[in-house]
Amino acid sequence: MTNTKRSVTGTAPLLGARAHNRATLDRQLLLRPARMSVTAAVEHLLGLQAQNVKPPYYALAARLDGFTPEALSRLMADREAVRIVTMRSTIHTHTADDCLTLRPLVQPARDRELVTFRKGLAGVDLDRLAELARDLVETEPRTMRQLREALLQEWPDADPQALAVAARCRLPLVQVTPRGLWGRSGQVSLTTAEHWLGRPVEPAPTPDAVVLRYLGAFGPASVKDMQTWAGTTRLREAFERLRPQLVTFRDVSGVELFDLPDAPRPDPDTPAPPRFLPEFDNLLLSHADRTRVVPPEHRGRSWQGNLAYRTLLVDGFLAGLWRLAEDALVIEPFDDLTRARRNEVTAEGERMLRVMHPETAYDIRFGAVRD
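It should be emphasised that the depicted structure is a prediction, and the values quoted were computed from it without experimental measurement.

## Focus on the overall build of the protein chain
Right, so step 1: Of regular secondary structure, the protein chain possesses 15 helices and 16 strands.
Right, so step 2: Its C-alpha atoms give the protein chain a radius of gyration of 22 Å, within 12% of the compact-globule value 21 Å for 371 residues.
Right, so step 3: Overall size of the protein chain, expressed as C-alpha extent along the three principal axes, is 65 × 55 × 35 Å.
Right, so step 4: Of all 371 residues assigned to the protein chain, the portion counted as buried reaches 54%.
Right, so step 5: Pairs at least 24 apart in sequence give 65% of the contacts found in the protein chain among residues at least 6 apart.
Right, so step 6: With the model as given, the accessible surface of the protein chain reaches about 16,900 Å², and the carbon-plus-sulfur share is 49%.
Right, so step 7: Positive and negative side-chain charges in the protein chain, numbering 50 and 48 respectively, have mean positions lying 3 Å apart.

Written out as structure tokens, the structure reads:
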């Protein structure tokens, strides 16, 4: 049951902060361990943020019942999941199907990204660059350094970094395995999605179709929320076309939120167990307004410069950081935790360690409250 009441304007029901939080956690599979396959979860979540190798594994460990790291690693080894730059110009782990469709959806944003590098690309024929880069990486996977060096032979006066970025923006380049496999290491080597998956890139889905999927995984949400997630603009028209088949709410700031009529919106008092999330988790990066998960007093505490920390949720909200030291899981809460909360966090930490590191013995330690 949703905790709603009519806003003072009467235009839409008001969705309280906790109701908003619980709805988002439910869509993100964080209220209770979900019983679904790894493929189904990655598809439902529209991919997993993956600047580093390990975050997608920890993200699924927090969300799925019976997850093992080997399950995701096997999908990647079998080329049923891949690592590729998509939303917000960041690396995501996607299913093969989503890789071939979501990348075309955000291609206009990748094209606009090249404006930043226009000085370094003066005199470069971008169509020719894409053709040459495709030949290079489909002949054999190339590192970014190898790609730069090869492209410099064609355009010796261009900025080397800009040439490699242009190839990444113009082509759907995936990171080939063993990069991304659990317990394995490998440098970043690239080839095209079509070559790696053995089938062509598909037409981009309509924005309307992706709006519905986004709301199913991240809603209730505003237009700006989805634009933040996708790293694109001009999605208002898609929301307006869909308005007759959606429901709307207002958040506590009066912002209009859209949602699927039959999507879960749990009671705000629904328990939300502690969760250990990786750095760059989708939950913390996919909305313009992150107060649904990040209390105002903790804004910015999960980052330092370009470094993101691993985060702890307590009662559904950002409540601290965590890290694995040599022999311990170290938890640094932002505020004092009651004995009951500490016990809940400890139990969830033990569960996470059993899933992710079953052969390693770790103590669980609470550090000082992090100022």
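Let's pick the thread back up.
## Examining the sheet that holds strand β15 (residues 328-333)
Strands pair in a sheet through their backbones, by hydrogen bonds, and they do so in one of two ways: parallel or antiparallel.
Right, so step 1: The sheet built from five strands is open, its strands ordered β10-β13-β14-β15-β16 with mixed pairing. What marks the edges here is a single partner per strand, and that holds for β10 (275-277) and β16 (363-366). Strand-to-strand, the axes of this sheet are offset by a mean angle of 30 degrees, without reference to chain direction.
Right, so step 2: Packing against the sheet, helix α15 (residues 339-356) makes contact with β10, β13 (310-314), β14 (317-324), β15 and β16, and its axis sits at approximately 145 degrees to β16.

## Here we look at the sheet that holds strand β5 (residues 91-95)
Right, so step 1: Taken in spatial order, the five strands of this open sheet run β3-β5-β4-β6-β7, and their pairing is antiparallel. Where the open sheet ends on each side, the last strands, each with one partner, are β3 (48-49) and β7 (190-192).
Right, so step 2: Pairing of strand β4 (residues 81-85) with β5 involves five bridges; the strand directions are antiparallel. The partner of Ile 84 across the bridge, within β5, is His 92.
Right, so step 3: Together, β4, β5 and β6 (173-175) form the strand contacts of helix α5 (residues 96-105), whose direction differs from that of β5 by roughly 120 degrees.

About the thresholds
Residues numbered from 1 in each chain as written. Predicted model: local features only at pLDDT ≥ 70, side-chain atom pairs only at ≥ 80, totals over all residues. Heavy atoms only, no water. Helix = DSSP H or I, 4+ residues; strand = E, 2+ residues; numbered from the N terminus. Rg over C-alpha atoms; globule rule 2.2 N^0.38 Å. Buried < 20%, exposed > 50% of the residue type's maximum accessible area, 1.4 Å probe, protein only. Contact = heavy atoms within 4.5 Å. Areas by Shrake-Rupley, 256 points an atom, 1.4 Å probe, with all protein chains shown as cover. Lys, Arg positive; Asp, Glu negative; His and termini not counted. Charge placed at Lys NZ, Arg CZ, Asp CG, Glu CD. Pairing = 2+ DSSP bridges. Axes fitted to C-alpha atoms, helices over the stretch in contact; angles between N-to-C directions.

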